[in-house]
Amino acid sequence: MKYNYRIYLLLKAAQNNSNVNLLRREGIEFSEISKLIKHCLGEGYIIFEDNEIKLTPSGECYYIQLANEYKNLFKDDWIEKENKSETIRVDLNFVYLPDKNSLNF
């Protein structure tokens, strides 16, 4: 995973005022998350304010730049295909005849 993508995820979490679960689901360890936070603080992308991480104006610009780069427009990449309700296609002229023993009138 690219380092800039990890920064993008951190800035996205700060932008949405969410927690680091988004980064954890991507397989990023807590130690690396803390390094990312230190890096973003050093670059001036985020600040700590009232026990929250918030984006600075330069962080918002960088977030928009990264969002344009990493925005996923292909729904097949982020929506999983659901196979359990898939049915078998039948011919248009197919006629279903049930078993007469299974009919209850």
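In the block above lies the structure referred to throughout.
Here is what the cut-offs are and how they apply
- Residues numbered from 1 in each chain as written.
- Predicted model: local features only at pLDDT ≥ 70, side-chain atom pairs only at ≥ 80, totals over all residues.
- Heavy atoms only, no water.
- Patch = residues over 30% accessible without salt bridge, like charges linked within 9 Å, V, L, I, M, F, W, Y side chains within 5 Å.
- Areas by Shrake-Rupley, 256 points an atom, 1.4 Å probe, with all protein chains shown as cover.
- Salt bridge = Lys/Arg side-chain N within 4 Å of Asp/Glu carboxyl O.
- Helix = DSSP H or I, 4+ residues; strand = E, 2+ residues; numbered from the N terminus.
- Buried < 20%, exposed > 50% of the residue type's maximum accessible area, 1.4 Å probe, protein only.
- Axes fitted to C-alpha atoms, helices over the stretch in contact; angles between N-to-C directions.
- Parallel < 35°, antiparallel > 145°, perpendicular 65-115°, else oblique.
- Contact = heavy atoms within 4.5 Å.
- Nonpolar A, V, L, I, M, F, W, Y, C, P; charged D, E, K, R; others polar.
- Pairing = 2+ DSSP bridges.
- Expected span 1.5 Å × (residues − 1).

Asker: Sorry, what's going on with a nonpolar patch on the surface here?
Answerer: Residues Val90, Phe94 and Tyr96 make up a contiguous nonpolar surface patch of about 390 Å² in total accessible area. Take Val90: it is sitting in the segment after helix H5 (75-78).

Asker: Honestly, the pattern of salt bridges in this entry has me stumped. Any pointers?
Answerer: Two side chains of opposite charge can pair, provided their charged atoms sit close to one another. Considering all chains together, one arrives at four salt bridges under this definition. For Arg24, the salt bridge goes to Glu29, with nearest N and O atoms at 3.9 Å. Judged by relative accessible area, Arg24 falls into the partly exposed class, the value being 30%. Judged by relative accessible area, Glu29 falls into the partly exposed class, the value being 48%. Between Glu49 and Lys54 there is a salt bridge, with its nearest N and O atoms 3.4 Å apart. Using a relative accessible area of 30% as the deciding quantity, one classes Lys54 as partly exposed.

Asker: What is the right way to look at the packing of helix H1 (residues 3-15) against helix H3 (residues 30-43) in this model?
Answerer: Any two packed helices are characterised by how steeply their axes cross, that is the angle between the axes, and by the distance between the axes. Closest axis-to-axis distance for the H1/H3 pair is 10 Å, and the angle between their directions is 80°. One finds that H1 runs roughly perpendicular with respect to H3. When H1 is examined against H3, the residues Tyr3, Arg6, Ile7, Leu10 and Leu11 are found in contact with a partner set consisting of Glu32, Leu36, Ile37, His39 and Cys40. Here the contact of H1 with H3 is built from residues that sort into seven nonpolar, one polar and two charged.

Asker: What exactly am I supposed to notice about the pairing of strand E2 (residues 52-55) here?
Answerer: In the case of a regular strand, side chains alternate between the two sheet surfaces. Sheet topology note: the strand E1 (residues 46-49)/E2 ladder contains four bridges and is antiparallel. Bridging from a neighbouring strand, Glu49 pairs with Glu52 of E2. A loop of two residues connects E1 with E2, the two strands running antiparallel in sequence, and Asp50 in this loop sits at a positive phi of about 55°.

Asker: I would appreciate a short explanation of the environment of Leu9 in the present structure.
Answerer: With respect to the helices and strands, Leu9 occurs in helix H1. When residues no more than four places from it in sequence are discounted, the contact partners of Leu9 are Leu22, Leu23, Glu26 and Ile28.

Asker: Is there a simple way to explain H1 in this structure?
Answerer: Think of an α-helix as turning once every 3.6 residues; residues three or four places apart then point the same way. Compared with the 18 Å implied by 1.5 Å per residue over 13 residues, the 18 Å span of H1 between its first and last C-alpha is a close match. Considered for burial, the residues of H1 that qualify are Arg6, Ile7, Tyr8, Leu9, Leu10, Leu11, Ala13 and Ala14. Packing partners of the buried residues in H1 comprise helix H2 (21-25), H3, E1, E2 and helix H4 (57-70).

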